[in-house]
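What the coordinates show
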Protein chains: 2
Amino acid sequence: MPATLEPSPVKPDTREQLKTAQDEFIRRWGEMGATWGINRTMAEIHALCYITAQPVCTDDVMDRLHISRGNASMSLRALCDWGIIRRLHKRGERREYFESLSDVWEIFSIIAAERKRREMDPVLETIKRCQQMLDESTLGKAAAKQEAVELTRQRLASMEEFMSVTNKIFQQFVSNARTGLNRVVRVLLKAL
Amino acid sequence: MPATLEPSPVKPDTREQLKTAQDEFIRRWGEMGATWGINRTMAEIHALCYITAQPVCTDDVMDRLHISRGNASMSLRALCDWGIIRRLHKRGERREYFESLSDVWEIFSIIAAERKRREMDPVLETIKRCQQMLDESTLGKAAAKQEAVELTRQRLASMEEFMSVTNKIFQQFVSNARTGLNRVVRVLLKAL
DNA sequence: CTATTATTTCAGTAATTACTGAAAATCAAG
DNA sequence: CTTGATTTTCAGTAATTACTGAAATAATAG
């Protein structure tokens, strides 16, 4: 048992190392977020909430990440809107705290659902409308004889197949993912 | 048979509709690209190559998308670097043409592979390094008794599990996807 | 009600990213 | 070599996105 160590510097030292490890995780997570359409700061705030596993208030965020109050406030709200962090009132305390959802799978399924809705669905719709435009051409099937039209038609069809399948997988992932490895993932792990 | 239609406006009209449909696809694809870390213009250029299914030269790109020569040149090169379009020399022609890979699945597996390498792998590495930092803390296991450290340790572990599994799935997807529905997708479609 | 503390909003600004256009480089043919 | 066609590069600029800080608003306690 390391009971012989000086008691005084012990706790600060550990705390320092914990903070360093957390900071590194936060930094990396922020960088990744930036390339995934979430901005760096929002990703960092979420990383902070997640990795500490403890409620943080606006000032904690400001101090730890060196950002302004306005930025912290707006980013926290945006994260709440996404649903990946939650507001939390502490008994007798005036200020509000925030905490991350604890289940990584749930966090990602929320993000996946939202991105599917915002980004994939509109593309699929557009593809279908483009197909209609070509089909309903005033010339009807006669137009199909023109090589250029036919080539575009084929490409649209391939893309539609791809997007439909991908969409379906996302759908499954999203609707099943509540706590732990979900069905999609279990199926894959078993088969591969 | 619509042979009674005036022959003169026929072809221009069809070409017009084809162009409109293609433009709509290109626009949407560009918007999606923008939220996925590829910039709008690059995504549009690729969409143009893909949807026309015909070789295009720099001037085609400039005219169709209303961008400068410099921008076209740099974006085309970047797309070639990604490997989702290819340079193409036409017999006797001086200028260079470009064409998209035709297989959507291949295009996406290339993108997925690159993003995994650039974004997911470093995060996983960082997580592991953070875990080591906490484990090798000067206090060893004694530090684990402190609640804050233990909580962070757990969160890191959950995140590591998630990233590992996701990474494995990506890996499979990427290494199998050559032409048509790949193994990962086939497994999923059968099971769901 | 007032005082105090916390939160939100947003005009202005900073930082980043994307784009242009012209000059330089490359290349092929004569 | 020279000429003309094509491509690349990059300094400068435009457009976009992110952030600040202070003022306005809200909320709670006395």
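This text follows the structure it describes.
The following paragraphs examine the structure supplied in this document.

Each value, and the rule that gives it
- Residues numbered from 1 in each chain as written.
- Chains lettered and ligands numbered in written order.
- Predicted model: local features only at pLDDT ≥ 70, side-chain atom pairs only at ≥ 80, totals over all residues.
- Heavy atoms only, no water.
- 1 Å grid on protein atoms, 1.4 Å probe; cavity = no way out; pocket = protein on both sides within 12 Å on 5 of 7 lines; lining within 4 Å.
- Points joined across faces, edges and corners; volume = space filled by probe spheres on them.
- Helix = DSSP H or I, 4+ residues; strand = E, 2+ residues; numbered from the N terminus.
- Contact = heavy atoms within 4.5 Å.
- Buried area = accessible area lost by both parts, 1.4 Å probe.
- Salt bridge = Lys/Arg side-chain N within 4 Å of Asp/Glu carboxyl O.
- Nonpolar A, V, L, I, M, F, W, Y, C, P; charged D, E, K, R; others polar.
- Phe/Tyr/Trp six-rings, centres within 6.5 Å; stacked < 30°, edge-to-face > 60°.
- Buried < 20%, exposed > 50% of the residue type's maximum accessible area, 1.4 Å probe, protein only.
- Expected span 1.5 Å × (residues − 1).
- Arc of directions from axis to C-beta.
- Near = heavy atom within 4 Å.
- Polar contact = N/O pair within 3.5 Å; in protein donor to acceptor, adjacent residues only side chain to side chain.

The next thing to look at is the layout of surface pockets. Residue and element names in this part refer to chain B. Approximately 290 Å³ is the volume attributed to the second largest pocket. Forming the walls of the second largest pocket are 14 residues, and the residues nearest its centre are L18, Q22, T52, Q54 and R64. The dominant element in the lining of the second largest pocket, judged by the number of residues it contributes, is helix α1 (residues 10-34), at 4 residues.

What follows deals with the interface of chain B and chain A. Listed per partner, the contact involves 70 residues of chain B and 69 residues of chain A. Note on chain B versus chain A: buried area summed over both sides is about 6800 Å², and carbon and sulfur give 72% of it. Where chain B packs against chain A, one counts 2 salt bridges. When residues of the side of chain B that touches chain A are traced back to their parent elements, those giving at least two are α1, α2 (40-52), α5 (104-135), α6 (147-176) and α7 (183-191) of chain B. The class makeup of the residues in the side of chain B that touches chain A is 42 nonpolar, 17 polar and 11 charged.

Our focus in this paragraph is the packing of aromatic side chains. Given two aromatic rings, one states the distance between the centres and the angle between the planes to describe the pair. All names here are of chain A. Applying the stated criterion to the full structure yields 9 aromatic pairs over all chains. Ring plane angle 85° and centroid distance 6.2 Å describe the contact between W29 and F108, whose orientation is recorded as edge-to-face. Within this pair, whereas W29 is found in helix α1 (residues 7-34), its partner F108 is found in helix α5 (residues 104-135), the two being separated by 79 residues in sequence. You can call W29 buried: its relative accessible area is 8%.

Attention shifts here to helix α4 (residues 69-82) of chain A. Residue and element names in this part refer to chain A. Over its 14 residues, α4 runs 20 Å from end to end, which matches the ideal 20 Å to within 8%, given 1.5 Å per residue. When we look at burial in α4, the residues that qualify are A72, S75, L76, L79 and C80. Take α4 and look down its axis: the buried residues cluster within an arc of 140°, on one side only. The exposed set on the far side of α4, more than 90 degrees from its buried face, consists of M74, R77 and D81. Against α2 (40-52), α3 (58-65), β2 (85-89) and β3 (96-100) lie the buried residues of α4.

The next thing to look at is the protein's contact with DNA strand C. Around DNA strand C there are 19 residues in total, and R77, R94 and E96 of chain A together with T41 and S68 of chain B lie nearest to it. When atoms of DNA strand C within 4 Å of the protein are sorted by moiety, sugar and phosphate together comprise 63%. Between a phosphate oxygen of DNA strand C and a side-chain N or O atom of N71 of chain B, the distance comes to 3.3 Å. Contributing elements (two or more residues each) for the surface near DNA strand C: α4 of chain A together with α4 (69-82) of chain B. A total of 5 residues in the surface near DNA strand C trace back to one element, the largest contributor, which is α4 of chain A. In the surface near DNA strand C, the residues fall into 3 nonpolar, 9 polar and 7 charged.

Here the focus is the protein's contact with DNA strand D. Looking at DNA strand D, there are 19 residues lining it, with T41, S68 and R94 of chain A together with R87 and R94 of chain B nearest. Within 4 Å of the protein, atoms of DNA strand D come from sugar and phosphate in 58% of cases. Contact distances for DNA strand D include 3.3 Å between a phosphate oxygen and a side-chain N or O atom of N71 of chain A. One nitrogen or oxygen atom from the main chain of E96 of chain B is found 2.8 Å from a phosphate oxygen belonging to DNA strand D. Those elements giving two or more residues to the surface near DNA strand D turn out to be α4 of chain A together with α4 of chain B. Among the residues forming the surface near DNA strand D, the class breakdown is 3 nonpolar, 9 polar and 7 charged.

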